Amino acid sequence: MPHPRFLYVENDEMSREVMKALLTRGLGYRDVTIFENSVNFEKQLEGLTSRPDVIFVDIHMEPIDGFAMLGLIRQNPEFDAVPVIALTASVMYEEVRRLRDAGFDGVIAKPINYDTFPGALDRILSGEQVWNIK
């Protein structure tokens, strides 16, 4: 995939800045869209000019949490096949199992590990599920 497009939904400013810097400056990707909150998530999603190749969502958001966002993404035929990766600091076994059971395509622990993220992203882009909790 030569020029993948990414969507990141995150309400924490520092986390947004880290992800954007990692994807753009660190890995050289150009097409990164960031939603700063989950207010009117469906409308924000429908307002995208191009379909993302990967969607990253913070799990603990308001008013719509990551689980509800996943449901809205999967209900939209335009986005239902897009890999959705959860980003969360809650990576205990039960939480990871809950994410997997809900239908996420993977999880990446926060704070993001700069050493393992590029490899995990390559795997995601090649269609693998990634459950990086370290």
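These figures come from a predicted structure and were not determined experimentally.

### Focus on the overall build of the chain
Part 1 of the argument: Each helix and strand in the chain was counted, giving 5 helices and 6 strands.
Part 2 of the argument: The secondary structure elements of the chain, listed N-terminal to C-terminal, are β-α-β-α-β-α-β-α-β-α-β.
Part 3 of the argument: The C-alpha radius of gyration of the chain comes to 13 Å, within 12% of the 14 Å expected for a compact globule of 134 residues.
Part 4 of the argument: The C-alpha extent of the chain, read off along each of the three principal axes, is 35 × 35 × 30 Å.
Part 5 of the argument: For the chain, buried positions account for 46% of its 134 residues.
Part 6 of the argument: Counting contacts in the chain only where the partners sit at least 6 residues apart, residues at least 24 apart contribute 66% of the total.
Part 7 of the argument: Split by element, the accessible area of the chain, about 7,200 Å² in all, is 48% carbon and sulfur.
Part 8 of the argument: Here the chain carries 14 positive and 21 negative side-chain charges, and the mean point of each set is 3 Å from the other.

### A word on helix 5 (residues 117–125)
Part 1 of the argument: Buried within helix 5 we find Phe117, Ala120, Leu121, Ile124 and Leu125. Take helix 5 and look down its axis: the buried residues cluster within an arc of 135°, on one side only.

### A short note on the nonpolar core
Part 1 of the argument: In this structure, Val9, Phe41, Leu99 and Phe104 are the most contacted members of the largest nonpolar core, which totals 25 residues.
Part 2 of the argument: With 5 residues, the top contributor of residues to this core is helix 3 (residues 66–75).
Part 3 of the argument: Once you skip the residues sitting within four places of it in the chain, Leu99 turns out to touch Ile59, Phe67, Ala86, Thr88, Phe104, Val107 and Trp131.
Part 4 of the argument: In this structure, Leu87, Ile112, Leu125 and Val130 belong to the second largest nonpolar core, which totals 19 residues.

### Quick word on the packing of aromatic side chains
Part 1 of the argument: According to the stated counting rule, one finds 6 aromatic pairs in the structure shown.
Part 2 of the argument: A centroid spacing of 6.2 Å and a plane angle of 20° characterise the contact between Phe6 and Phe56, whose relative ring orientation is stacked. Of the two residues, Phe6 sits in strand 1 (residues 5–9) while Phe56 sits in strand 3 (residues 54–58), which places them 50 residues apart along the sequence. Assigned by exposure class, Phe6 and Phe56 land together as buried.
Part 3 of the argument: Aromatic pair Phe35 and Phe41: ring centres 6.3 Å apart, planes at 75°, arrangement edge-to-face.
Part 4 of the argument: Residue Phe35 is classed as buried on the basis of its relative accessible area, which comes to 6%.
Part 5 of the argument: Of the residues examined, Phe41 reaches a relative accessible area of 0% and is grouped as buried.
Part 6 of the argument: In textbook terms, an aromatic cluster arises when at least three aromatic residues are bridged by ring pairs, as seen for Phe6, Tyr8, Tyr29, Phe56 and Phe117.
Part 7 of the argument: It is Arg98 that lies over the ring of Phe67; its NZ or CZ is 4.0 Å from the centre.
Part 8 of the argument: Here the basic side chain of Arg100 rests over the ring of Trp131, its NZ or CZ set 4.2 Å away from the ring centre.

### Some words on the pairing of strand 5 (residues 106–109)
Part 1 of the argument: Of the two faces of strand 5, both are covered, the one formed by Gly106 and Ile108 as well as the one formed by Val107 and Ala109.
Part 2 of the argument: Of the strand pairs in this sheet, strand 4 (residues 84–88) and strand 5 are connected by 4 bridges, and their pairing is parallel. By the bridge assignment for strand 5, Ile85 is matched with Gly106.
Part 3 of the argument: With helix 4 (residues 93–102) bridging strand 4 and the parallel strand 5, this β-α-β connection has right-handed handedness.

Analysis parameters
Residues numbered from 1 in each chain as written. Predicted model: local features only at pLDDT ≥ 70, side-chain atom pairs only at ≥ 80, totals over all residues. Heavy atoms only, no water. Helix = DSSP H or I, 4+ residues; strand = E, 2+ residues; numbered from the N terminus. Rg over C-alpha atoms; globule rule 2.2 N^0.38 Å. Buried < 20%, exposed > 50% of the residue type's maximum accessible area, 1.4 Å probe, protein only. Contact = heavy atoms within 4.5 Å. Areas by Shrake-Rupley, 256 points an atom, 1.4 Å probe, with all protein chains shown as cover. Lys, Arg positive; Asp, Glu negative; His and termini not counted. Charge placed at Lys NZ, Arg CZ, Asp CG, Glu CD. Arc of directions from axis to C-beta. Core = buried A, V, L, I, M, F, W, Y, C linked by side-chain atoms within 4.5 Å. Phe/Tyr/Trp six-rings, centres within 6.5 Å; stacked < 30°, edge-to-face > 60°. Lys NZ or Arg CZ within 6 Å of the ring centre and 35° of its normal. Pairing = 2+ DSSP bridges. Right-handed = clockwise from strand over helix to strand, strands pointing away.

None of the figures reported here should be taken as evidence of function without further support.
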